[in-house]
Amino acid sequence: IESCLTDLRIDGRSKLEHRPYTITNRSTHTKTSQSATAPAFILSNGSSRIHLPGSTTDVVCSVKADLVHPSPSKPNQGILELNVDLSLCGGGGTLEASAAGGAQKRRRQQREEESQITSLLQRLILPHAVNHESLVVWPGKYVWRLSIDVMVLRCDGCVLDASSIAIREALQNTKLPKVQAVMEKGNDDANNGGSASKNDLLVDGDHHKAVSPCGAEDCPLVITVSVLSSPPSATDAVTSTTGSKRYKSIAIIDARTEEEACASTRVCVTVDTNGMVCGVHTLGGGGAGMEEEGEQGGAGGSSMPISMLGEVVTTASMAAKSLYTKLDRDRQVVKDVSSTDNDCGYGYLLKNHFLIQ
């Protein structure tokens, strides 16, 4: 906490600096990144991988597209589904395996954490991920359903942030095959074949004619701002008009596990490419709350001074702007390099063609 208050964190970063994430996706078979040689998932329409070299963060995301009937309540909108898997992450490993019911307890805690992360991403990301109307193939009859699967292999803090980056990159890499609705007039006569239905869908399996979901480039990111607070020493204690001590606080982004454990509050802010806030959610921190000195009321461990709210939003906005700039710049570099490298990693058997089912 003391090092963060001096704007020098344990890994040398400043309070507004992200860790050097490496992004791998289906279109990034480049010669500048060793990790970019990993092929995409062969049965997915889009995928990405976010990891930190030499660290314990590794998140994989896959997007699968299906043609389905729309929801009766939203017949002119596509469907987005999301699922988060922590089975390989090793979460809950602090419990002793030899304890009675230890495995069941770990699994239950893991499911609860999966449910919480899934629910947060569904509320913070999915409503703004893509243009839902653009996923309509046949109004009232067929729409695209994008099933987003996020698998957290390892994570060293800020799992929501890493997952949001993986989702955004996977959606931008998603390719939807060209689909044309064919509506025939009249009934087919038995003498004329009669096998074709009145209404059909023609799906083109050529990858070159596929398009990305509209609005995927504007998918927002989650910025988790961790508030770390340290009580003032007896010599430099600053008292308010009520006589209570004021805690020293600082807001940092992209916190590691050790920093999250010291945070009194964590605020998840969803920011889009225009710098607009799309959603806010508060998570409890692992550090001691500040309500002990009467600074504020509320639940212990998940509160913060109202004066820090503006700093939290400003911190999230500045961090998001910097992250968007870096992601867009790296994507442009990858696009320029990959234009001269046509190897997709799977040879030529399934290259540039969809698996039509």
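These numbers were taken from a predicted model, which means no experiment stands behind them.

What counts, and where the lines are drawn
Residues numbered from 1 in each chain as written. Predicted model: local features only at pLDDT ≥ 70, side-chain atom pairs only at ≥ 80, totals over all residues. Heavy atoms only, no water. Pairing = 2+ DSSP bridges. Helix = DSSP H or I, 4+ residues; strand = E, 2+ residues; numbered from the N terminus. Axes fitted to C-alpha atoms, helices over the stretch in contact; angles between N-to-C directions. Contact = heavy atoms within 4.5 Å. Buried < 20%, exposed > 50% of the residue type's maximum accessible area, 1.4 Å probe, protein only. Polar contact = N/O pair within 3.5 Å; in protein donor to acceptor, adjacent residues only side chain to side chain. Core = buried A, V, L, I, M, F, W, Y, C linked by side-chain atoms within 4.5 Å.

Q: Before we go on, may I ask you to explain the sheet that holds strand β12 (residues 277-284) in this structure?
A: Hydrogen bonds between backbone groups are what pair the strands of a sheet, and the pairing can be parallel or antiparallel. Spatially, four strands are ordered β10-β9-β11-β12 in an open sheet, and the strand pairing comes out antiparallel. Looking at the sheet topology across the chains shown, the edges are occupied by β10 (248-253) and β12. On average, each strand axis in the sheet is inclined to that of its neighbour by 20°, with strand direction left out of account. When strand β9 (residues 221-230) meets strand β11 (residues 263-271), the two strands line up antiparallel, connected through eight bridges. Within the sheet, the bridge partner assigned to Val 222 lies in β11 and is Thr 270. On the sheet, helix α2 (residues 102-124) packs against β9, β11 and β12 and is oriented at approximately 160° with respect to β12. Of the strands in this sheet, β9, β11 and β12 are in contact with helix α4 (residues 159-173), which crosses β9 at around 165°.

Q: What should I look at first to understand the side chain of Thr 174 in this one?
A: Here Thr 174 lies in the loop between α4 and β7 (179-183). Here Thr 174 falls in the buried class, since its relative accessible area comes to 0%. A polar contact of 2.7 Å, which involves the side chain of Thr 174, links it to the backbone oxygen of Ala 170.

Q: Where do I start with the nonpolar core in this structure?
A: The nonpolar side chains of a soluble globular protein tend to be buried with one another. Grouped together as the largest cluster of nonpolar side chains are 58 residues, with contacts concentrated most on Ile 148, Ile 167 and Leu 171. Looking at this core element by element, the count peaks at eight residues for α4. Ile 148 has contacts with Cys 61, Ser 62, Val 63, Glu 81, Leu 82, Asn 83, Leu 126, Ile 167 and Leu 171, leaving out every residue within four places of it along the chain. Residues Cys 158, Ile 250, Ala 255 and Ala 263 belong to the second largest nonpolar core, which totals seven residues.

Shape is all these values report; function is a separate question.
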